[in-house]
Amino acid sequence: CDDLYAIARSHVKLRAHSKSIPFFTEALNTCKATDLHIKILYTGAKAAWNAGQNDLAIRWYQQIIDEYATHSYADDAYHYQALILSGMGRDEDARQKLRAQIGAYPDGDMAKDAYWLLLSDLYDRGMWKEAVEFVDKNIEHAAESDFYAQGRLAYFQARSYEHLGN
């Protein structure tokens, strides 16, 4: 297991993501009952996404959600699925994943990014009333403490109020 994972990761480090997929696949099939399985899924899903194998990446991320719901990678898996789906033009599916993410992990390490993506989606679609309500409902969980993100929810809520004539 360690050898297969090391070979797969070496391809990833060389940015040969497509070449890593068969090694991740073999490692996943061989190493199901090991502690390494979650790392193989997570790293393999990222490699599949980078290789343009979006369906495979979504499937592997879903496996993390299904089999490792209490692991810190689970909220990441929801988030990355949403980003992949959005990139594929499947915006409603992406929104559903983000809502599921914050429903399951409202205080997870990726939650603030999910709140932000949902708010910016509402704003971009001109759904200003819904954007205002979204911030009001979620500001406690979604408040940004990072210097670069601090205040962005309040700012876009204020811009939404402006579009509403307030």
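Before reading on, note that the structure itself is shown above.
So, a few notes on the structure that sits alongside this text.

Time to look at the overall build of the protein chain. When helices and strands are counted, the protein chain shows nine helices and zero strands. Start at the N end of the protein chain and walk to the C end: the helices and strands fall as α-α-α-α-α-α-α-α-α. Taken over the C-alpha atoms alone, the protein chain extends approximately 60 × 30 × 25 Å along its principal axes. Each of the 166 residues in the protein chain was classed as buried or not, and the buried ones make up 44%. Looking at the protein chain alone, contacts between residues at least 24 apart form 50% of all its contacts between residues at least 6 apart. Surface summary for the protein chain: the accessible area is close to 9,200 Å², and the carbon and sulfur share equals 50%. Charge centroids of the protein chain, computed over 18 positive and 24 negative side chains, lie 5 Å from each other.

Our focus in this paragraph is the state of the cysteines. In this structure the tally under the stated criterion is one disulfide. With a sulfur-sulfur separation of 2.1 Å, cysteine 1 is cross-linked through a disulfide to cysteine 31. Judged by the torsion about the S-S bond (-115 degrees), the cysteine 1/cysteine 31 disulfide is left-handed. Within this pair, whereas cysteine 1 is found in the segment before helix H1 (2-13), its partner cysteine 31 is found in the loop between helix H2 (17-30) and helix H3 (37-50), the two being separated by 30 residues in sequence.

One can find threonine 43 in helix H3. Given a relative accessible area of 17%, threonine 43 falls into the buried group. Setting aside residues no more than four positions away along its own chain, threonine 43 makes contact with Tyr5, Arg9 and Phe24.

What follows deals with unusual backbone geometry. The phi dihedral of arginine 15 is positive, around 60 degrees, even though this residue is not glycine. Residue placement: arginine 15 occurs in the loop between H1 and H2. With relative accessibility at 68%, the residue arginine 15 sits in the exposed group.

The geometry of an aromatic ring pair comes down to the distance between the two centres and the angle between the two planes. For the structure on display, the rule yields eleven aromatic pairs. Consider the rings of tyrosine 5 and phenylalanine 24, whose centres lie 6.5 Å apart with planes at 65 degrees: the pair is edge-to-face. Note that tyrosine 5 is positioned in helix H1 and phenylalanine 24 in helix H2, a separation of 19 residues in sequence. The pair formed by tyrosine 5 and phenylalanine 24 is uniform in burial state, with each residue classed as buried.

The next point concerns helix H9 (residues 152-163). With twelve residues, H9 should reach 16 Å at 1.5 Å per residue; the first-to-last C-alpha distance of 16 Å fits that figure. Of the positions making up H9, those classed as buried are Arg152, Leu153, Gln157 and Ser160. On an axial view of H9, the arc spanned by its buried residues comes to 135 degrees, and they lie on one face. Glycine 165 sits one or two residues past H9 and shows a positive phi near 85 degrees.

The subject of this paragraph is the packing of H2 against H3. Direction vectors running N to C along H2 and H3 enclose 155 degrees, while the axes themselves pass 9 Å from each other. Considering the angle they form, H2 stands roughly antiparallel to H3. Seen from above, H2 lies across H3 with left-handed handedness. The segment H2 lies against H3, with His17, Ser20, Ile21, Phe24, Ala27 and Leu28 engaging His37, Ile40, Leu41, Thr43, Gly44, Ala47, Ala48 and Asn50. Residue classes in the contact of H2 with H3 are distributed as eight nonpolar, six polar and no charged.

Calculation notes
Residues numbered from 1 in each chain as written. Predicted model: local features only at pLDDT ≥ 70, side-chain atom pairs only at ≥ 80, totals over all residues. Heavy atoms only, no water. Helix = DSSP H or I, 4+ residues; strand = E, 2+ residues; numbered from the N terminus. Buried < 20%, exposed > 50% of the residue type's maximum accessible area, 1.4 Å probe, protein only. Contact = heavy atoms within 4.5 Å. Areas by Shrake-Rupley, 256 points an atom, 1.4 Å probe, with all protein chains shown as cover. Lys, Arg positive; Asp, Glu negative; His and termini not counted. Charge placed at Lys NZ, Arg CZ, Asp CG, Glu CD. Disulfide = S-S within 2.5 Å. Phe/Tyr/Trp six-rings, centres within 6.5 Å; stacked < 30°, edge-to-face > 60°. Expected span 1.5 Å × (residues − 1). Arc of directions from axis to C-beta. Axes fitted to C-alpha atoms, helices over the stretch in contact; angles between N-to-C directions. Parallel < 35°, antiparallel > 145°, perpendicular 65-115°, else oblique. Left-handed = near helix turned anticlockwise from the far one by under 90°. Nonpolar A, V, L, I, M, F, W, Y, C, P; charged D, E, K, R; others polar.

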